[in-house]
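The residues making up each chain are set out below.
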Number of protein chains: 2
Amino acid sequence: MTEKRVYTFGNGKAEGRADMRNLLGGKGANLAEMNLIGVPVPPGFTITTDVCNEYYAIGKERVVELLKDDVTKAVHHIETLMNSKFGDVENPLLVSVRSGARASMPGMMDTILNLGLNDEVVEGLTRKTGNARFAWDSYRRFVQMYGDVVLGMKPTNKDDIDPFEAIIEDVKKQKGVKLDNELEVEDLKELVRRFKEAVKAQTGKDFPTNSFDQLWGAICAVFDSWMNERAILYRKMEGIPAEWGTAVTVQAMVFGNMGETSATGVCFSRDAATGEDIFNGEYLINAQGEDVVAGIRTPQQITLEGSRRWAALAGIDEATRASKYPSMEEAMPAIYKELDSIQTKLENHYRDMQDMEFTVQEGKLWFLQTRNGKRTGAAMVKIAMDLLRQGMIDEKTAILRVEPNKLDELLHPVFDKTALANAKVIAKGLPASPGAACGRIVFFADDAAKWASDGHKVVMVRIETSPEDLAGMQVAEGILTARGGMTSHAAVVARGMGKCCVSGAGMLNINYKERTVEVDGLVLKEGDFISLNGTTGQVYEGQVTTKAAEVSGDFADLMDLCNKYTRLQVRTNADTPHDASVARNFGAVGIGLCRTEHMFFEGEKIKAMREMILAEDAEGRQKALEKILPYQKEDFKGIFRAMNGYPVTVRLLDPPLHEFVPHDEKGQQEMADAMHVSLDYIKKRVEALKEQNPMLGHRGCRLGNTYPEITQMQTRAILGAALELKKEGVVCRPEIMVPLTGILYEFEAQEKIIRAEANKLFSEMNESIEYKVGTMIEVPRAALTADRIASKAEFFSFGTNDLTQMTFGYSRDDIASFLPIYLEKKILKVDPFQVLDQNGVGQLVKMATEKGRSVREDLKCGICGEHGGEPSSVKFCHRVGLNYVSCSPYRVPIARLAAAQAAVEDTL
Amino acid sequence: MTEKRVYTFGNGKAEGRADMRNLLGGKGANLAEMNLIGVPVPPGFTITTDVCNEYYAIGKERVVELLKDDVTKAVHHIETLMNSKFGDVENPLLVSVRSGARASMPGMMDTILNLGLNDEVVEGLTRKTGNARFAWDSYRRFVQMYGDVVLGMKPTNKDDIDPFEAIIEDVKKQKGVKLDNELEVEDLKELVRRFKEAVKAQTGKDFPTNSFDQLWGAICAVFDSWMNERAILYRKMEGIPAEWGTAVTVQAMVFGNMGETSATGVCFSRDAATGEDIFNGEYLINAQGEDVVAGIRTPQQITLEGSRRWAALAGIDEATRASKYPSMEEAMPAIYKELDSIQTKLENHYRDMQDMEFTVQEGKLWFLQTRNGKRTGAAMVKIAMDLLRQGMIDEKTAILRVEPNKLDELLHPVFDKTALANAKVIAKGLPASPGAACGRIVFFADDAAKWASDGHKVVMVRIETSPEDLAGMQVAEGILTARGGMTSHAAVVARGMGKCCVSGAGMLNINYKERTVEVDGLVLKEGDFISLNGTTGQVYEGQVTTKAAEVSGDFADLMDLCNKYTRLQVRTNADTPHDASVARNFGAVGIGLCRTEHMFFEGEKIKAMREMILAEDAEGRQKALEKILPYQKEDFKGIFRAMNGYPVTVRLLDPPLHEFVPHDEKGQQEMADAMHVSLDYIKKRVEALKEQNPMLGHRGCRLGNTYPEITQMQTRAILGAALELKKEGVVCRPEIMVPLTGILYEFEAQEKIIRAEANKLFSEMNESIEYKVGTMIEVPRAALTADRIASKAEFFSFGTNDLTQMTFGYSRDDIASFLPIYLEKKILKVDPFQVLDQNGVGQLVKMATEKGRSVREDLKCGICGEHGGEPSSVKFCHRVGLNYVSCSPYRVPIARLAAAQAAVEDTL
């Protein structure tokens, strides 16, 4: 806890710096830094994130007490620089109060603007600016926001309209106008009066008139907002700890709504969707900042080039564009020039793409904020590689600049070109977040969650989105909105999530009540299919087929760069030749887990498998296994071919046999007929195979040790396939993996069977091949006794799915009954089946690796649970010295990047 | 591997010593030692146990090669001392070849006597001894044994009679005699001839005539017998590793069957059944040793006192006894005196009760063997305490002298006196192994196993037992035989197993074919009940009620002695006041595990419990819990009362809720009616509670954290009970235990609920009580992160049942599908649910204790799995520094003794 709680900035000076982000939040630190590098920023001060923690530790009253003097002094500092006075009727200073956490959390927390107004001050502001409309509009906005955020004026139930919006609608209806800005001063006064009435009625208290009372209310409301539901959900999604807290920045207001020489906007130093090195952004003349972000008015482009591109997409001709939607470059050329120069300065300073907010007040440009811009996965890759080529960052930084999980977007399927040719475009919007999406239409977050949990793919269709929609957006394949620009809530959040989004498709008529969307007479209902192309903004009726992405261009360059730094190899989990080739194309250098059980589930194979399981004795099993052998061999040949030259780890049969047998009478009768036994016999055998806890039952090497003939057959299939391919010149590197080992002797027994069968086969075929015999480490006891097991096993592969099940004592199949509550109560921060539990499961991985290598120095260790494709888990694997991770084909590039980052982080 | 393979002894000299037991086996080491202390022992030599391992490593041929010279020299050594020659026709030396492992394995392995005889040598022997009958009887015995053991002359199928026995029966029938010793020389010659014919017919080879060929065959057969089924089963039961191997002792034969001045016998320096300090034993005049052990002839007592006691029990009058069954003390007074003096010398030397074999050959006494005698649990306690009082051993030795598991016999129920008064005695035999047994009659080992596995208690009834019956004896409550004395196979093995046994009940007519036993006209069939008193030898018809044992006399003294040395405390697992009192009487100093779920299974309680589980929401659960609260409180009051002054650890609700709900439609309808909901609703709720792997599902503190109201109710019941009893002056020390913790936050969340409810209750009652909140450590992750968990938990209790399940990945319910095969293949040496797996599970226990105490120095750690009553596991708990073990009430004394032994072993 530092003693200093309040840091001021303004007029080229600041008490903070960019590197004090943890203490001042991203916004506070940047505002300080911008002052220091000469960017025009309205003066203000920041209350530290430590105070936020104090707030939750010792409570509101004591924190206000602690802050009182510092805040009063800091307000005087602003007054001095702005030459105005807080609460003064003649020359009033208005301020904004904003949150700002260490990590950016867009739209997550509440902000108050125009604070300092009351019935007297608004008159003073009117006199001072000579603009009654502006003053009263600011005042009604302030009362509305403050009422909402600080005084809790929410709709009383979910389906109700906002209480202030209801008053506005009422006044507009009386007046006979449609848009807010058609309201006149008297209407605005009426709004303020009725707003305050509503506050009194709903809260039982008068709206505060004293400006310092207002300020304290707002500061506390920002702290309170750190723990609101939306913020908690966002943090959970992004893995941000609650302890980071938010800072509060209080800053002099500047106004973009002071007439036609005023404006407000958001701009990016590069394109956040594609990554192109093009300055771009949106602005609105005579508007406040939230008008741009909230997507209520469709904003105009900042650059002429951008404006023309936008018009082309929206189907607006040049004359209309130039007159009705001029770019800032055209409308305010001098300001544009200053803006462009400062944005370049900022990007060069921060060496990354900047996301900036600005306001023009009566011809004077103020920067309100700059931060590293959120971007799509594609943009992230392109910007990193461009900055590298432009000499602005080095190779290591380029690698670290890309979030591995974001690559997922580049690996998502895109629309199949031929399918697209036949698809019917029904609407066009802005290409707000790239990729292809196809799913059933839903309109509300709740419904999205329900449909998705029922296994449907959904596309969320909204007039516009708000933070309340977050949970729905999270589960949707894509988002389509009728209103809002490239920086609307929907667009920003969708890009953050890597979801496809088309925004501002104004031709859509969305009816929430009927749950329909109408366009040109075509009515689509909830549940109907719709397809979106977030890269072009096109919207298609029905389902459009998609196809796999590939690694090329900047993405391929990035992957090459990764290879230069990485130590940890990336293999894939693949059970078919198709999966194996996909993974090879994504750069996998082998198969870390080839499950053999999936091979049994078709036609004749499953029948032979069932015969084997249901046989009365070893002889019957033997007979059935002989039928399976040729199928298995063919399967392995396909996989070895696809992995020519690379190692392939084949896991012996693992699941409980009960999974394979027919549970319906028809299937049982079929088996009875095929095996010439009674239905009753089959029923009894099936019943006998049932287990109380199959996860902890007769499976893994317990099968191979009780039915050695299975291990023999599989050994013969694997090595037989390899020997046959050897003749064709295919290089096979088989690694036979024993599953579920818990005891050295279990492994030994299996190894003996494998080696004996191999030798038999080699002498039969008068030919041999090198192969390894190793084991899964997925039972805690195996990890604990890894030194013993390594005395015999040639490699370890950590099966972290099962290891997580047994280390936590969680069954993946049953965890749904308590996991959501555990996440909600923060008993678990993340689902341990998604993110490797480094404290517990990871401890076993580390221990087993160390113990194993203590007896076999060159023991090859890998991981083949689903964690092998999760970046933080991959980095952990690097740190504990594993040789490789193995993950599903589509996660291979993600794992490769994470592995490279882990290696780079080692050198920092 | 020592270089010396063969150790000779004889004539007061020996190359071995008593402390070379591991190398020479118990028998070999003792024969050497007996020589060194001047006991008359026939000369011979011992081949080491290392050679046995060599035998299995490099094979028969190479081992024989390695031994050739040494064995030849050692045979010469015997020849010199016995003044005779091996294979010589004039002055032949005959030898015995016996096995001898480090631990005694009575009857488990094969022995050859009279080796060295052939058609010529037998004539020489006849000439030399002037006793053709003796020579030919020895010869026919030798051919019979050698044929059986070395040449594999077994019955070709199980139900067949032994091939040699068939020939003997045939010859006796021809001759018209009943007993073997009624056969004359010519008959014996006929037997030898036909035996050899049978050998040739069945094996295709002639019976070997060269004495060295015979010797090598016998030596190898002893080594082979180490791996026969019986030996493997016995080792499994006794936990003897295969690597110990057996030694082979070759020793000059002496003959107890050289007429009326010859005899053979077995004696004990104290009573092996009761422990009384009385010299006792049995002998037969003109017989070989195996005649006594095999129980074919009922032997006579060695001492006069013993003889009289025996006659009284057998209902034989003094005159008949003295004439027909005289004691050795009467029949051979001088030899008896020498025997008595040597037995005293041996007991004083070994400072333990001795089990000795001797032979008198024509008036000369030879000791063949001495070893620490097997004894019943009661005898073990009495002998240890007597030896202590007699100053022969010190306190620590006395503690170490008693095998903890043997105490089980003293804790077995005995017959209820009133039930016994009404029971009908149908037969009387020898009190061969004490205790009471009651069960259904079975005649064959197979049947015993089958009946027992079907859940029946069985008593095995046999004419006489042989090692083939072992598996049946193991599962039986008791053993009853019609033939055989106190040292018969049945008696010795039953005492070793701590089973009740009545032997030699000659009045029984057992018909294996009809599966009946008839006595005095009463016919009992297989499946009928019978009861045995192994302490008196009485046999009762039907079922006789039994009652619990108690700790008194020597047993109580031993327990007091244990308290003096022990550090590890012993608590009990008890869920009822009755169990709690039983455990208190056995010396438990608290309850380590009080499971609350068992309390729910009666009448109204289960109904309320089901209402709670099936309720739709928290409110419904709350209502049902209010009904349960008073029941729970009463349950806890009973338990606290029984444990007045001692700590009681109560575990919160643990099992999956599915276990409590009704699965039959009738029960479901009842609940529907009680809850005023539809049957369909109940069915759906029951279905929804089903889990794939309930062991890894929604249970333990996952219940308390998702349904906090359960934890609240239980906290209120526990502490409410304690507060109410406090008023009555009962001292309650409640310890509330959270089950299945895997994550610190899980425990924290429960602790918060418990403490809040406690504070609420305390302020309601205006009274408080001290209590602790701790956790089970039964999930591997809890052990791995024990340092974190100990930051909040006040105590740890290792639930090694679940910890074993999760560490191995074994479900106890499903393990039967592979455990038998794993034990058979020696993948597992023991069932890890019975004996704590020190390498794996134990490693976690040790780690968790150390980690826990690293943050909370005085963390109380205990174990409450079933391992808490298993001696080797208790000792492990002592070694890793646990504070206590908790076990079922009837294991408390066993755990106390094991704990004391562990403490004593620390000081050695």
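Thresholds, definitions, all that
Residues numbered from 1 in each chain as written. Chains lettered and ligands numbered in written order. Predicted model: local features only at pLDDT ≥ 70, side-chain atom pairs only at ≥ 80, totals over all residues. Heavy atoms only, no water. Helix = DSSP H or I, 4+ residues; strand = E, 2+ residues; numbered from the N terminus. Rg over C-alpha atoms; globule rule 2.2 N^0.38 Å. Buried < 20%, exposed > 50% of the residue type's maximum accessible area, 1.4 Å probe, protein only. Areas by Shrake-Rupley, 256 points an atom, 1.4 Å probe, with all protein chains shown as cover. Lys, Arg positive; Asp, Glu negative; His and termini not counted. Charge placed at Lys NZ, Arg CZ, Asp CG, Glu CD. Salt bridge = Lys/Arg side-chain N within 4 Å of Asp/Glu carboxyl O. Polar contact = N/O pair within 3.5 Å; in protein donor to acceptor, adjacent residues only side chain to side chain. Contact = heavy atoms within 4.5 Å. Phe/Tyr/Trp six-rings, centres within 6.5 Å; stacked < 30°, edge-to-face > 60°. Lys NZ or Arg CZ within 6 Å of the ring centre and 35° of its normal. Right-handed = clockwise from strand over helix to strand, strands pointing away. Buried area = accessible area lost by both parts, 1.4 Å probe. Nonpolar A, V, L, I, M, F, W, Y, C, P; charged D, E, K, R; others polar. Least-squares fit on C-alpha atoms with pLDDT ≥ 70 in both. Expected span 1.5 Å × (residues − 1).

*Asks:* Quick question: what am I supposed to make of the overall build of chain A here?
*Replies:* When you go through chain A residue by residue, the secondary structure sums to 37 helices and 34 strands. Here the C-alpha atoms of chain A give a radius of gyration of 32 Å, agreeing with the 29 Å that 2.2 N^0.38 yields for 908 residues. Each principal axis of the C-alpha distribution contributes one length, and for chain A these read about 105 × 65 × 55 Å. Within chain A, the fraction of its 908 residues that count as buried is 59%. Here chain A displays about 35,300 Å² of accessible surface, and carbon together with sulfur accounts for 49% of that area. Computing the positive centroid from 111 side-chain charges and the negative centroid from 129, chain A places the two 3 Å apart.

*Asks:* Teacher, can you tell me more about the pattern of salt bridges here?
*Replies:* Two side chains that carry opposite charge are able to pair once their charged atoms sit near each other. All names here are of chain A. Within the structure shown, the criterion is met by 131 salt bridges over all chains. In this structure, the salt-bridge partner of Arg515 is Asp447, at a minimum N-O distance of 2.8 Å. One end of the pair, Arg515, is in the loop between strand S21 (509–511) and strand S22 (516–519); the other, Asp447, is in helix H19 (residues 445–453), with 68 residues separating them in the sequence. Overlapping salt bridges, with partners in common, bring together Lys382, Asp386, Arg389, Asp554 and Asp557 in one network.

*Asks:* In this structure, what is going on with the side chain of B:Gln805? I would like to understand it.
*Replies:* Mapped onto the secondary structure, B:Gln805 falls in helix H33 (residues 800–808). Given the relative accessible area of 3%, B:Gln805 is considered buried. In terms of polar contacts, B:Gln805 uses its side chain to reach the backbone amide nitrogen of B:Arg812, at 2.8 Å. The residues touching B:Gln805, leaving out its near neighbours within four places in the chain, are A:Leu696, B:Met695, B:Tyr810, B:Ser811, B:Arg812 and B:Phe833.

*Asks:* How do you make sense of unusual backbone geometry when you look at a structure like this?
*Replies:* Peptide bonds are trans in most cases, and residues, glycine excluded, mostly fall at negative phi. Even without a glycine there, the phi angle at A:Asn766 is positive, about 55°. One non-glycine residue with positive phi stands out, namely B:Arg351, at about 55°. Position of B:Arg351 among the secondary structure elements: in the loop between helix H14 (333–350) and strand S12 (354–361).

*Asks:* I'm lost on the packing of aromatic side chains in this one. Help?
*Replies:* Under the definition given, this model contains 40 aromatic pairs over all chains. Plain terms: the ring middles of A:Phe762 and A:Tyr771 are 6.0 Å apart, the flat faces sit at 70° to each other, and that makes the pair edge-to-face. You can call A:Phe762 buried: its relative accessible area is 12%. You can call A:Tyr771 buried: its relative accessible area is 14%. Relative to B:Phe660, the ring of B:Phe600 has its centre 6.2 Å away and its plane inclined at 85°; by these criteria the two rings are edge-to-face. Taken together, the residues span a long stretch of sequence, with B:Phe600 in the loop between strand S28 (591–595) and helix H24 (603–614) and B:Phe660 in the loop between strand S29 (647–651) and helix H26 (665–675) at a distance of 60 residues. Taken together, the aromatic side chains of A:Phe808, A:Tyr810, A:Phe818 and A:Tyr822 make up a single cluster linked through ring pairs. In this arrangement the basic side chain of B:Arg235 is found over the ring face of B:Trp226, its NZ or CZ atom lying 4.1 Å from the centre.

*Asks:* Can you walk me through the pairing of strand S31 (residues 772–777) of chain A in this structure?
*Replies:* Extensive coverage of S31(A) is indicated by the burial of 5 of its 6 residues. Between strand S30 (residues 733–738) of chain A and its parallel partner S31(A), the chain crosses via helix H30 (residues 744–765) of chain A, and the hand of that crossover is right-handed.

*Asks:* Got a minute to help me understand the environment of A:Tyr745 in this structure?
*Replies:* Summarising the element assignment, A:Tyr745 is placed in helix H30. In the structure, A:Tyr745 is positioned 43 residues away from A:Arg788 in sequence and 9.5 Å away in space, judged by C-alpha atoms.

*Asks:* Sorry, what's going on with the interface of chain A and chain B here?
*Replies:* Each side of the interface is counted separately: chain A has 48 residues, and chain B has 47 residues. Here chain A and chain B share an interface that buries about 4,100 Å² over both sides, 57% of which is from carbon and sulfur atoms. The residue A:Arg781 makes a salt bridge to B:Asp837 at a minimum N-O spacing of 2.7 Å. For the interface between chain A and chain B, the tally reads 26 residue pairs in polar contact (both at pLDDT 80 or more). Where the side of chain A that touches chain B is concerned, the elements lending two or more residues are helix H28 (701–706), H30, helix H31 (780–784), helix H33 (800–808), helix H34 (819–824) and helix H35 (841–855) of chain A. Here the residues of the side of chain A that touches chain B sort into 21 nonpolar, 15 polar and 12 charged.

*Asks:* Would you take a moment to explain the relation of the copies chain A and chain B for this structure?
*Replies:* Copies of the same chain, two in number, are related to each other by a rotation about an axis and a translation along it. Its rotation angle being 180°, the transformation that places chain A on chain B also includes 0.3 Å of axial translation and leaves an RMSD of 0.3 Å. In the structure described here, the two chain copies are related by an operation that fits a two-fold rotation axis. Closest approach to the rotation axis among the C-alpha atoms of chain A is made by A:Asn693, whose C-alpha sits 2.2 Å away. Interface overlap between copies is the fraction of interface residues in one copy that are interface residues in the other; for chain A against chain B it reaches 98%, indicating a shared surface.

*Asks:* Quick question: what am I supposed to make of helix H6 (residues 163–175) of chain A here?
*Replies:* Counting along an α-helix, one turn takes 3.6 residues, and residues three or four places apart therefore face a common direction. Residue and element names in this part refer to chain A. When the terminal C-alpha atoms of H6 are compared, their 19 Å separation across 13 residues agrees well with the 18 Å that a helix rising 1.5 Å per residue should span. Among all positions of H6, only Pro163, Phe164, Ile167, Ile168, Val171 and Lys172 are buried. Contacts from the buried residues of H6 go to helix H5 (132–149) and helix H7 (185–203). Its side-chain oxygen 2.9 Å from the backbone nitrogen of Phe164, Asp162 forms the N-cap of H6. Just downstream of H6 lies Gly176, where phi reads positive at about 80°.

*Asks:* Help me understand the environment of B:Leu689 in this model?
*Replies:* All names here are of chain B. Its place among the elements puts Leu689 in helix H27 (residues 679–689). The class for Leu689 is buried, based on a relative accessible area of 16%. Those residues within four positions of Leu689 in sequence are excluded, and the remaining contacts are Ile613, Leu657, His658 and Val661.

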